[in-house]
Amino acid sequence: MDAVDACQRRCWRYDWVLDLDIQAFFDTVPHEPILKAVAHHTDLPWVLLYVRRWLAAPMQQADGSLVARDRGTPQGSAISPLLSNVFMHYAFDAWLRREQPDITFERYCDDVIIHCVSEKQAKYIRNVIAARMRRFGLTLHPEKTRIVHCWQTGRPKAPGRHPVEFTFLGYTFRPRYARKNNGGWHTGFLPAVSKAAMKSMSRVIRGWRLGRCTGLTFGGIATMINQVVAGWINYYGRFYKSRLISFLADQINPHLVKWAMRKFKHLHRAPAKARKRLAQIATQHRDLFVHWRHGALPSGMATGAV
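Residues numbered from 1 in each chain as written. Predicted model: local features only at pLDDT ≥ 70, side-chain atom pairs only at ≥ 80, totals over all residues. Heavy atoms only, no water.

(A) Seen up close, the pairing of strand β5 (residues 111-116). Taken across its six residues, β5 has five buried, putting it largely inside the fold. Here six bridges tie strand β1 (residues 16-21) to β5, and the two strands are oriented antiparallel to one another. The residue of β5 that forms the bridge with Trp16 is Cys116. Both strand β4 (residues 104-108) and β5 contribute to a ladder of five bridges, which runs antiparallel. Within β5, the position partnered with Thr104 by the bridge is His115. (Buried < 20%, exposed > 50% of the residue type's maximum accessible area, 1.4 Å probe, protein only. Helix = DSSP H or I, 4+ residues; strand = E, 2+ residues; numbered from the N terminus. Pairing = 2+ DSSP bridges.)

Here it is, written out as structure tokens:
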């Protein structure tokens with residue numbers, strides 16, 4: 001969240017962003033620089049021994065065969081993000097601050113956003129970083145590494161056609177309408193929950209199969225889903241919350257309507273009546289579902305929460 005917040009504030013100050021993507025980073029990051037970086041922080045032989053074993057452990061294929069590895073970190077391992085961060089601290093963070101002290105950036109593992117004052121500077125920094133990564137056998141993805149124009153009200157639009165959005169840590173930054181302090185509206189360059197994150201949440205919601213949980217009460221369903229939904233709201237609701245709330249209302253509440261139609265005989269084949277009843281329940285028991293508490297109410301009751 002600190003990284004997303006810093007990125008938002010810097011997008012207001014700088015007109016251009018270099019959205020950096022290292023191609024197949026976790027599969028190609030070299031081992032020796034990782035070990036050298038870890039050695040900066042410990043002189044315990046057993047730590048270095050186990051780190052080397054983690055890195056060099058062969059990968060098991062679906063058919064049971066083992067493939068030796070001389071680079072990359074084990075996918076899904078809890079140690080991979082930590083080792084990758086240690087490597088990137090020395091290979092990227094410290095190096096960029098030393099070589100380009102005026103450049104500001106945010107990084108989380110291999111997800112990097114760099115802020116620039118011009119398109120020319122962004123192209124120069126991209127080339128400099130590409131050369132640095134090549135020293136470690138790493139390559140910038142030719143399509144996913146992009147130069148983005150952070151357009152908003154009060155700034156001239158860049159000539160030509162440039163991307164005007166990028167995604168960082170599950171948030172898509174792009175021009176969005178926002179209310180000013182005086183009550184008016186303007187277009188700001190702001191983050192909101194990304195399409196990829198919403199697609200992932202939709203998949204989870206469908207997997208609950210709420211319409212078939214007729215053995216549960218409303219309270220039982222709330223107990224089942226509230227903790228997960230609260231986690232989504234805590235993370236994706238920190239910025240431009242109205243986008244997430246609208247999504248949750250559209251995704252979860254229709255499944256609750258289906259549940260009610262199957263649960264109660266008098267609501268069978270009566271979707272309008274079921275929606276009305278759900279709205280009444282939400283009025284009387286707004287605290288029942290965590291998304292209702294934040295304004296994601298059944299159709300016709302949305303509060304427009306921000």
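(B) Representation of the pattern of salt bridges in the model. All told, the structure shown has seven salt bridges when counted by the stated rule. With a shortest N-O distance of 3.3 Å, Glu32 and Arg52 are connected by a salt bridge. With Glu32 in helix α3 (residues 31-39) and Arg52 in helix α4 (residues 45-56), this residue pair connects regions lying 20 residues apart in the sequence. Given the relative accessible area of 49%, Glu32 is considered partly exposed. Salt-bridge contacts for Arg98 lead to Glu99; the nearest nitrogen and oxygen are separated by 3.7 Å. A residue is classified by how much of its surface remains accessible, and Glu99, at 44% relative accessible area, is partly exposed. (Salt bridge = Lys/Arg side-chain N within 4 Å of Asp/Glu carboxyl O.)

(C) Looking closely at the packing of helix α7 (residues 195-208) against helix α9 (residues 241-263). The N-to-C vectors of α7 and α9 enclose an angle of 20 degrees; their axes lie 11 Å apart at closest approach. Between α7 and α9, the angle falls in the class roughly parallel. Where α7 crosses over α9, the two elements pack in a sense that is right-handed. Every residue of α9 that contacts α7 at Met198, Met201, Ser202 and Ile205 is listed here: Arg243, Leu244, Phe247, Gln251, Ile252 and His255. Classifying every residue of the contact of α7 with α9 gives six nonpolar, three polar and one charged. (Axes fitted to C-alpha atoms, helices over the stretch in contact; angles between N-to-C directions. Parallel < 35°, antiparallel > 145°, perpendicular 65-115°, else oblique. Left-handed = near helix turned anticlockwise from the far one by under 90°. Contact = heavy atoms within 4.5 Å. Nonpolar A, V, L, I, M, F, W, Y, C, P; charged D, E, K, R; others polar.)

(D) Inspection of helix α1 (residues 2-13) at higher detail. Taking 1.5 Å of rise per residue, twelve residues should cover 16 Å, and α1 covers 17 Å from first to last C-alpha, within 8% of that figure. Every buried residue of α1 is listed here: Ala3, Val4, Ala6, Cys7, Gln8 and Cys11. Check the buried side of α1 and you find it contacts β1, β4, β5, β7 (166-168), β8 (171-179) and β9 (185-193). (Expected span 1.5 Å × (residues − 1).)

(E) Layout of the sheet that holds β9. Spatially, three strands are ordered β7-β8-β9 in an open sheet, and the strand pairing comes out antiparallel. A strand with exactly one partner marks an edge of an open sheet, and here the two such strands are β7 and β9. When strand polarity is set aside, the average angle formed by the axes of neighbouring strands in this sheet is 50 degrees. Taken together, the three bridges between β7 and β8 define a ladder with antiparallel strand orientation. Paired with Thr167 across the two strands is Thr172, which belongs to β8.

(F) Structural detail: the nonpolar core. Counting residues in each nonpolar core, the largest one holds 52 residues, and the members touching the most others are Phe166, Phe173, Met201, Val229, Leu248 and Leu256. Ranked by residue count, the leading element in this core is α9, at eleven residues. Not counting the four nearest positions on each side in its chain, Phe173 is found in contact with Val4, Cys7, Gln8, Cys11, Val164, Glu165, Phe166, Phe168, Phe189, Leu190 and Pro191. In this structure, Val38, Val47, Cys116 and Met133 belong to the second largest nonpolar core, which totals 37 residues. (Core = buried A, V, L, I, M, F, W, Y, C linked by side-chain atoms within 4.5 Å.)

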